[in-house]
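Reading the structure
Here's the letter readout for the chains.
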2 protein chains.
Amino acid sequence: MNKMKNNCYGICFFISIAINILLCTGIYMYIGGARWEDMKQEISWQSSLALTWSEKAAAEAEAVAAASCSGHGRAFVDRLTSDGQPVCECFNCYSGSECSVYSVECAAVATSGDLTFLEPFWIQNAANTAVVISGWHRMSYNYADATKMLKDLENCIRKLHSIARNAVTEGRYMVFGVGSAQLLSAAVYALSSGNSSSPSNVLASIPFYWLFRDQTSFFSSKYFEFEGNTNSLQSKNSTNNRDVIEFVTSPNNPDGELKKPVFGGKAIYDQVFYWPHFTPIPEPSDQDIMIFSLSKLTGHAGSRFGWAIIKDRDVYEKILSYTSKAAVGISQDTQLRALKILQTTIDEDGKPFFEFAYTKMTERWDRLTSVFSKSTRFSLQNRHPFHCNYFNETRLPTPAFAWVKCEREEDNDCRSVLEAGKIISLSGSQLSATDRYTRVSLTVRQDDFELLMIRFTNLISLENGSLQTM
Amino acid sequence: MNKMKNNCYGICFFISIAINILLCTGIYMYIGGARWEDMKQEISWQSSLALTWSEKAAAEAEAVAAASCSGHGRAFVDRLTSDGQPVCECFNCYSGSECSVYSVECAAVATSGDLTFLEPFWIQNAANTAVVISGWHRMSYNYADATKMLKDLENCIRKLHSIARNAVTEGRYMVFGVGSAQLLSAAVYALSSGNSSSPSNVLASIPFYWLFRDQTSFFSSKYFEFEGNTNSLQSKNSTNNRDVIEFVTSPNNPDGELKKPVFGGKAIYDQVFYWPHFTPIPEPSDQDIMIFSLSKLTGHAGSRFGWAIIKDRDVYEKILSYTSKAAVGISQDTQLRALKILQTTIDEDGKPFFEFAYTKMTERWDRLTSVFSKSTRFSLQNRHPFHCNYFNETRLPTPAFAWVKCEREEDNDCRSVLEAGKIISLSGSQLSATDRYTRVSLTVRQDDFELLMIRFTNLISLENGSLQTM
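Please read these numbers as outputs of a predicted model, since none were measured by experiment.

With respect to the packing of aromatic side chains
- A complete count under the given rule lists 67 aromatic pairs over all chains for this structure.
- Between the aromatic rings of Tyr189(A) and Phe218(B), the centroid separation amounts to 5.7 Å while the plane-to-plane angle is 20°, which identifies the pairing as stacked. Here Tyr189(A), found in helix α7 (residues 179-191), pairs with Phe218(B), found in helix α8 (residues 211-219), and the two come from separate chains.
- With centroids separated by 5.8 Å and ring planes inclined at 80°, the aromatic side chains of Tyr209(B) and Phe212(B) adopt a geometry described as edge-to-face.
- A cation over an aromatic ring shows up here: Lys351(A) above the ring of Tyr390(A), its NZ or CZ 4.5 Å from the ring centre.

Focus: the pairing of strand β17 (residues 401-406) of chain A
Residue and element names in this part refer to chain A.
- Judged by how many residues are buried, β17 sits mostly within the fold: five of six residues are covered.
- Where β17 and strand β20 (residues 437-441) come together, five bridges link them in antiparallel fashion. Paired with Phe401 across the two strands is Ser441, which belongs to β20.

Overview of the interface of chain A and chain B
- At the interface, 107 residues of chain A touch 109 residues of chain B.
- Taken together, the connections running from chain A to chain B amount to eight salt bridges.
- For the salt bridge of Arg138(A) with Glu89(B), the shortest nitrogen-to-oxygen distance reads 2.9 Å.
- Between chain A and chain B we count 55 residue pairs in polar contact (both at pLDDT 80 or more) in total.
- Counting residues per element, the side of chain A that touches chain B draws most heavily on helix α1 (residues 2-31) of chain A, at 13 residues.
- Of the residues contributing to the side of chain A that touches chain B, the split by class is 55 nonpolar, 29 polar and 23 charged.
- When strand β6 (residues 131-133) of chain A meets strand β6 (residues 131-133) of chain B, the two strands line up antiparallel, connected through three bridges. Bridge pairing in β6(B) links Val131(A) to Ile133(B).

Let's talk about helix α11 (residues 351-372) of chain A
- Along its 22 residues, α11(A) runs 31 Å from first to last C-alpha, staying within 8% of the 32 Å computed at 1.5 Å per residue.
- The complete set of buried residues in α11(A) reads Phe353(A), Phe354(A), Phe356(A), Ala357(A), Tyr358(A), Met361(A), Arg364(A), Trp365(A), Leu368(A), Val371(A) and Phe372(A).

Thoughts on the side chain of Thr249(B)
All names here are of chain B.
- Locating Thr249 in the fold gives a position in strand β10 (residues 244-249).
- Of the residues examined, Thr249 reaches a relative accessible area of 5% and is grouped as buried.
- Sequence-distant contacts of Thr249, defined by excluding residues within four places in its chain, comprise Phe212, Glu257, Lys259 and Asp270.

What to know about the pairing of strand β10 (residues 244-249) of chain A
Residue and element names in this part refer to chain A.
- Of all six residues in β10, six are buried; the element is thus mostly enclosed.
- The alternating pattern of β10 places Val244, Glu246 and Val248 and Ile245, Phe247 and Thr249 on opposite faces, both of which are buried.
- Direction of pairing for β10 relative to strand β11 (residues 266-270): parallel, over a ladder of five bridges. Paired with Glu246 across the strands is Ala267, a residue of β11.

Considerations on the state of the cysteines
Residue and element names in this part refer to chain B.
- Counted by the stated rule, this structure contains eight disulfides over all chains.
- Covalently, Cys90 is tied to Cys99 through a disulfide, its sulfur atoms 2.1 Å apart. Its S-S torsion of about -85° marks the bond between Cys90 and Cys99 as left-handed, since a negative value means left-handed.
- Taking the relative accessible area as the measure of exposure, Cys99 reaches 0% and is therefore buried.
- Cysteine pairing for chain A (bonded cysteines numbered in sequence order): 1-2, 3-5, 4-6, 7-8.

Brief notes about the sheet that holds strand β20 (residues 437-441) of chain B
Residues and elements named next belong to chain B.
- Read from one edge to the other, the open sheet built from four strands follows the order β14-β17-β20-β19, with strand pairing classed as antiparallel. The two strands at the open ends of the sheet, each matched to only one other strand, are β14 (378-379) and β19 (426-427).
- Where β19 lies against β20, two bridges are found, and the strand directions are antiparallel. Bridge pairing in β20 links Leu426 to Arg439.

Some remarks on the sheet that holds strand β12 (residues 289-293) of chain A
Residue and element names in this part refer to chain A.
- Spatial strand order, β7-β13-β12-β11-β10-β8-β9: seven strands in an open sheet with mixed pairing. Taken across any chain shown, the strands that pair with only one partner, and hence form the sheet edges, are β7 (173-177) and β9 (224-229). Here the strands of the sheet are splayed against their neighbours by 25° on average, with no regard to which way each runs.
- Sheet topology note: the β7/strand β13 (residues 306-310) ladder contains five bridges and is antiparallel. Its bridge partner lying in β13, Met174 is registered against Ile309.
- Running over the sheet, helix α9 (residues 313-327) touches β7, β12 and β13 and is turned about 20° from β7.

Rules and cut-offs
Residues numbered from 1 in each chain as written. Chains lettered and ligands numbered in written order. Predicted model: local features only at pLDDT ≥ 70, side-chain atom pairs only at ≥ 80, totals over all residues. Heavy atoms only, no water. Phe/Tyr/Trp six-rings, centres within 6.5 Å; stacked < 30°, edge-to-face > 60°. Helix = DSSP H or I, 4+ residues; strand = E, 2+ residues; numbered from the N terminus. Lys NZ or Arg CZ within 6 Å of the ring centre and 35° of its normal. Buried < 20%, exposed > 50% of the residue type's maximum accessible area, 1.4 Å probe, protein only. Pairing = 2+ DSSP bridges. Contact = heavy atoms within 4.5 Å. Salt bridge = Lys/Arg side-chain N within 4 Å of Asp/Glu carboxyl O. Polar contact = N/O pair within 3.5 Å; in protein donor to acceptor, adjacent residues only side chain to side chain. Nonpolar A, V, L, I, M, F, W, Y, C, P; charged D, E, K, R; others polar. Expected span 1.5 Å × (residues − 1). Disulfide = S-S within 2.5 Å. Axes fitted to C-alpha atoms, helices over the stretch in contact; angles between N-to-C directions.

Given below as structure tokens:
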């Protein structure tokens, strides 16, 4: 009996010890000395990082951004289905709810001024360029300093110009506008004669961006009118008794050339393309009125943000007055977004951004030039290398647009010639030039550029040994 | 020996059992069957909810929002110190880096059109109104449908008007603008005569919002000019040969009255205040051009967002053309923000929002009326009750401004009289009325309203038995 009892104790004891060992091992292994610490640490970290009011919006934004759309589309937070699902907006040539349907015969579309080739850079820099705006963010008409311009944004832009070395801002005034578009109009008002019996003649040199004419004519002011192109005044002498305001676009839209004014009078410099990705920067621009935009720098055209750098105080006050009367300033949401994007743009002296952009544009021009070198039917604008202070080297311009000329006598509607080759471009007459020219946008997405190259290659390959007027 | 061995086993056994029990209890209690599950669940949930690219921006936004500024200021994400710390922007009467310094003698400022009294509502609805914008959000000039207007936002606004019952939108066109300000100008251009030898006369009835005159005069078009107030045309007959465009503000700024046109011709209805928080809604407005803004509905003046509802297709196309030429559309960032805010505004048929806003305005008018009932020196605009279709009751108007009149003969500069009583208001002449009137903003923050009441109470208390011209 005792022996049995002893055995019983013995067995139970060992069982109990075994259980203890198992429990301890289990605790150690399953939880783990280190893992337990880790897990405790992770739980406490997650709790301290635990977002509250912004979490839902952040999660939604990330879910929408994660929608793959088969790699051929994009979803955005402002367009969801009724049950909150992302909606894929398909890129050119793709369709279907997941953008997975490819249309083989689709045309390469190259009409827009969008800089979607920069999108990958912003995706790579997602964490630094995300913006979270609370429901109560800046409800007032004015900032705390009673102005409608965000001071930190102004400072950031001054720093940007200093880094890019493309404009003098020291001692200059700055005004923000709803895109460069609003500021072009504001500048015309500011410079105009104020004399209704002798309104200012507004001029631009062909080829020029259509908004100069369309906008100036539309506003039909007593004090200025759109005269036309600079050649239409027969000689410089004929401007003696006339008040002239000249739009100087440098680099020019569409050809990318650096321009100087034709007349020696009042000039508004549209310098939206004067950045290292499009042109060498030989010197900081130092004009009375210089206008820039986010659209042609970072590609954020949808935000509608531009700025003017102004020498003269009186002109500055008139331009500021315009923005105040036209629309009571510009969106503070947009100014916040511009600040975030430009802070990343100027990181590391702008090198990551400008090198990304310039490398892309150079690659594209190299490939385009190579393809066009096989053509006698089509030509590109001439490009001559010169020194760039930003990259500190001599380099070729890499304009946003190819200004394609149809060289054959019979090809006097170049846009149509390209359209027949499934390339959609803009007529030269849109830029007040002849239709022998057509503007082809090179700032499209990579896929779109690949398609453009395929189409041009095909079109040009037909020239060899073919008498067809295609 | 055996007995000692047995005792040893016994003791060890019981110790071991005790350890078993402790371990099991510990596991159960410290981890807990349920708590372990919970914790496992929480860890796995946190991992699946783990944000990536938006986390930094969200955390920063929350940290900034959490800056207390002693309860007398606000910090915003677009203004941080160089080491990323929030900067407190202090409310009226407060100063210091933490807004903890109160200036006892400070004046109540009531000049602005800001609707900061609505800020608490947006703070309460933080989760639903936060917006996260990625660095690559909508870079293109156009939306996918090739327009510059967000379709979901347009639909949301139509629903809003249907809920508020304040405007007919069925079968009407809509155009977005940079605030109502841009659309007022666009409407004048759209309606103007197109005949430079007989420009349209633009008119408004006194008292009227200064932008009508300032903006119309500034644009100095060949086709319209600001004539002045409607009384300046001696009789209605004198308009027979003249093309007239009339601004009708209803409810009016500053007095809050519902207005009708003086002339029977072309009219632009500025209806930014035609919402249940400011006035009973007797019927949905059904005019040729009706202009509204986010500024005077939700209080988001800094966003610069307005919309026009238009009957006539030709007028619609002209207004759309204006927004396109003036600034190439409006910011897509702003449209996203407006969408989020308006989606919350229309939640539960607008009840939480409109009841919040209306309750606040009613309280303020009740208190103001009570204070002014003791005064013979100052009077408020008359208010008469009428039926409101939204709240389905007869109620008094609760205008955004008090249109204060100084009744004493010698008090012909009412603004100065109030200023001496430490109340800063707007001169009547700013609204083209006499300076016997002054406009006092009632849409300020609660603290500012409390101060306003203290100042008015003091000022009015001096009337009794005092011959001082204070």
